[in-house]
Amino acid sequence: MKKFTIKLFFIFYMVSIIVYISAPGETSSRSNYYPIVFVHGMAGFAELHGIPYWGGTYNIPKYLDGLGYENFVVDVGPFSSNWDRACEVYAELKGGTVDYGKAHSEKYGHARYGRTYNGLFPEWGETDPDTGKLNKIHLIGHSMGGETIRVLAQLLENGDSGEIAATDPEELSPLFDGQKKQWVRSILTVATPHDGSTAAYQLSGKGDISLLQMASVFLAAVTGSTEIDTYDFHLDQWGLNRKSGEGIADYIKRVESSGAWTTSRDLGNWDLKPEGAKELNSWAKAQSDIYYFSQATSATYRELLTGRYLPNVTMNPLMWATATYIGMYTQSTPVVITKSWWENDGLVSVATASGPHLGSADSIVTYSGTPQIGKWNYLGKLGNTDHIGVIGILCTLDQRPLFRSYAVLLASLPE
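Given the structure is predicted, the values throughout are model-derived calculations rather than measurements. (Residues numbered from 1 in each chain as written. Predicted model: local features only at pLDDT ≥ 70, side-chain atom pairs only at ≥ 80, totals over all residues. Heavy atoms only, no water.)

Some details on helix H9 (residues 248-256)
Okay, step 1: All of the buried residues in H9 are Ile248, Tyr251, Ile252 and Val255. Down the axis of H9, the sector holding all buried residues measures 100 degrees, keeping them to one side.
Okay, step 2: Along its buried surface, H9 packs onto helix H8 (211-223) and helix H10 (259-263). (Buried < 20%, exposed > 50% of the residue type's maximum accessible area, 1.4 Å probe, protein only. Helix = DSSP H or I, 4+ residues; strand = E, 2+ residues; numbered from the N terminus. Arc of directions from axis to C-beta. Contact = heavy atoms within 4.5 Å.)

Set out below in structure tokens:
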């Protein structure tokens, strides 16, 4: 019996060694050790009532960290524009006060400066004294977060001529100075509406569903609570801070009734419309020194008689209405929307998730195992996966293997 126990222990020991050696991400075969930065989508958060946005109870960032993939999770304005969110990501990582830009803030009528951060990765962009190489990052964005990280890369690489012209050089944020900061190694977008989402029409006034009201339902479902007391809307620059003791319903009504929300093009509801995305695509371009990857998701099926797309029974019911709306919506102006947009994941059309098309000259190629730099390497479509299920929220799916595969891919990129 003793000999059998020793043999059994030896077998388990050898198997564990083999698994460890063959497990990607934990071997010396990695080409780089740049940290991953996670950027959430609209209505997102870093953590809410103890529940992580990335993975839910499975906690993807914690899991990846345990495998040796250093990562950071930022918490940016859930309803802010991609420009404002990009400025917040920069400040959260580097440290310091958020600078939305002198020209930008004056144009849209909100405060120039935002919150101050200690910095999650203050050495970002500096030379590592041990390796002599630049500290870079990989960026992963879900949904609108994918647009946000595109804007961040555009500003880091090219700056902004409007900000340079309007700002005293001593006051100019390094984000806008156009010094070609090669601080980003890769960008990976998951279920991102690069060409906008037709659901934005329904959720922002053309239908009977309010964007903010639906967001509150989503948040309540995540936490199992009707009052999201700890949720942070990050609308400080607009003077739309939540008042002490103000209920979520009253706060949402106040935000919806503000002039900024209904008229400004500096909020997420504009960026997520196809015409807003087209405008963003015209200036936020793929950079020649960055690897780009995109992943689409789908949770709808084609109805035989009409050709429309309807939600799978496995789709979260919160998105059945928007999935049905997207699955039959067409228009001829201001942006042409055809039935090619109909297949969707509940909030985003599959056709828009491979990369920017509207107003964009970016090149999109099908990933075949060898990534092409400066182009969108399309990873394909994940079937029967809805928009929030892909990150492991409000579902039973364990998406840790999926995100581990992303981490392995990014770690394999040459320095």
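Next, the rest of the story.
Details of the pattern of salt bridges
Okay, step 1: This structure, assessed with the given rule, holds 14 salt bridges.
Okay, step 2: One salt bridge in this structure joins Asp99 and Arg112, with 3.1 Å as the shortest N-O distance. Pair noted here: Asp99 is in strand E5 (residues 96-99) and Arg112 is in the loop between helix H4 (102-108) and strand E6 (113-117), with a separation of 13 residues, a long-range link. With respect to burial, Asp99 and Arg112 carry one shared label: buried.
Okay, step 3: Put simply, Lys180 and Glu157 hold a salt bridge, and the shortest N to O gap is 3.4 Å. Residue Lys180 is found in the loop between helix H6 (161-166) and strand E8 (184-190), and its partner Glu157 is found in helix H5 (residues 144-158); the two are separated by 23 residues along the sequence.
Okay, step 4: With relative accessibility at 39%, the residue Lys180 sits in the partly exposed group.
Okay, step 5: The exposure class assigned to Glu157 is buried, which follows from its relative accessible area of 2%.
Okay, step 6: What you see here is one network of salt bridges that share partners, running through Asp99, Arg112 and Glu171. (Salt bridge = Lys/Arg side-chain N within 4 Å of Asp/Glu carboxyl O.)

With respect to the sheet that holds strand E4 (residues 71-73)
Okay, step 1: Strand order in the open sheet made by the seven strands is E4-E1-E7-E8-E9-E13-E12, with parallel pairing throughout. Only two strands of the sheet have a single neighbouring strand rather than two, namely E4 and strand E12 (364-366). Taken over all neighbouring pairs, the strand axes of this sheet differ in orientation by 25 degrees on average, direction set aside.
Okay, step 2: Note that E12 and strand E13 (residues 376-382) share three bridges and pair parallel. Bridge pairing links Ile364 to Trp376 in E13.
Okay, step 3: Packed onto the sheet, H5 meets strand E1 (36-39), strand E7 (137-142), E8, strand E9 (291-297) and E13 and runs at close to 145 degrees relative to E7. (Pairing = 2+ DSSP bridges. Axes fitted to C-alpha atoms, helices over the stretch in contact; angles between N-to-C directions.)

Notes on the confidence of the model for the chain
Okay, step 1: Per-residue confidence for the chain gives a mean pLDDT of 90; residues scoring 70 or more make up 91%.
Okay, step 2: For the stretch residues 1-26, pLDDT sits under 50, and the model shows 13 contacts to residues farther than four places along the chain or on other chains. (pLDDT = per-residue confidence, 0-100.)

As for the nonpolar core
Okay, step 1: Grouped together as the largest cluster of nonpolar side chains are 64 residues, with contacts concentrated most on Phe79, Ile140, Tyr231, Phe233 and Phe403.
Okay, step 2: Counting residues per element, this core draws most heavily on H8, at eight residues.
Okay, step 3: Contacts of Phe403, omitting those with residues within four sequence positions, involve Phe38, Trp54, Ile60, Leu64, Ile140, Val390 and Ile391.
Okay, step 4: Grouped together as the second largest cluster of nonpolar side chains are 36 residues, Val39, Val76, Leu155 and Leu172 included. (Core = buried A, V, L, I, M, F, W, Y, C linked by side-chain atoms within 4.5 Å.)

Some thoughts on the packing of helix H3 (residues 82-94) against H5
Okay, step 1: Contact geometry of H3 with H5 gives a least axis separation of 8 Å together with a crossing angle of 70 degrees. Judged by the inter-axis angle, H3 sits roughly perpendicular to H5. Considering only the axes of H3 and H5, their crossing is right-handed. Across the interface between the two elements, Asn82, Trp83, Arg85, Ala86, Val89 and Tyr90 from H3 touch Met144, Gly145, Glu147, Thr148, Val151, Leu152, Leu155 and Leu156 from H5.
Okay, step 2: Tallied by class, the residues present in the contact of H3 with H5 amount to nine nonpolar, three polar and two charged. (Parallel < 35°, antiparallel > 145°, perpendicular 65-115°, else oblique. Left-handed = near helix turned anticlockwise from the far one by under 90°. Nonpolar A, V, L, I, M, F, W, Y, C, P; charged D, E, K, R; others polar.)

Observations concerning the side chain of His142
Okay, step 1: With respect to the helices and strands, His142 occurs in strand E7.
Okay, step 2: We classify His142 as buried; its relative accessible area is 1%.
Okay, step 3: The residues contacting His142, other than those within four sequence positions of it, are Val39, His40, Gly41, Tyr53, Trp54, Val190, Ala191, Thr192, His387, Val390 and Ile391.

Some details on the pairing of E8
Okay, step 1: Within E8, seven of the seven residues are buried, which leaves it mostly tucked inside the rest of the structure.
Okay, step 2: Across five bridges, E8 lies against E9 in parallel orientation. The residue of E9 that forms the bridge with Thr189 is Ser294.

Overview of the packing of H8 against H9
Okay, step 1: One can describe the packing of H8 onto H9 by two numbers: an axis separation of 10 Å at closest approach and a directional angle of 155 degrees. When the axes of H8 and H9 are compared, the pair comes out roughly antiparallel. Like other packed secondary-structure pairs, H8 and H9 cross with a definite hand, here right-handed. Of the residues in H9, those touching H8 at Leu212, Gln213 and Ser216 are Ile252, Val255 and Glu256.

Side note on unusual backbone geometry
Okay, step 1: Going from Thr333 to Pro334, the amide bond is cis rather than trans, its omega being 0 degrees.
Okay, step 2: Here Pro334 shows up in the loop between helix H13 (320-326) and E12.
Okay, step 3: With phi around 50 degrees, Lys180 is a residue other than glycine that occupies positive phi space.
Okay, step 4: Even without glycine at this site, Leu394 takes up a positive phi of about 55 degrees.
Okay, step 5: Relative to the elements of secondary structure, Leu394 occurs in the loop between E13 and helix H14 (400-411).

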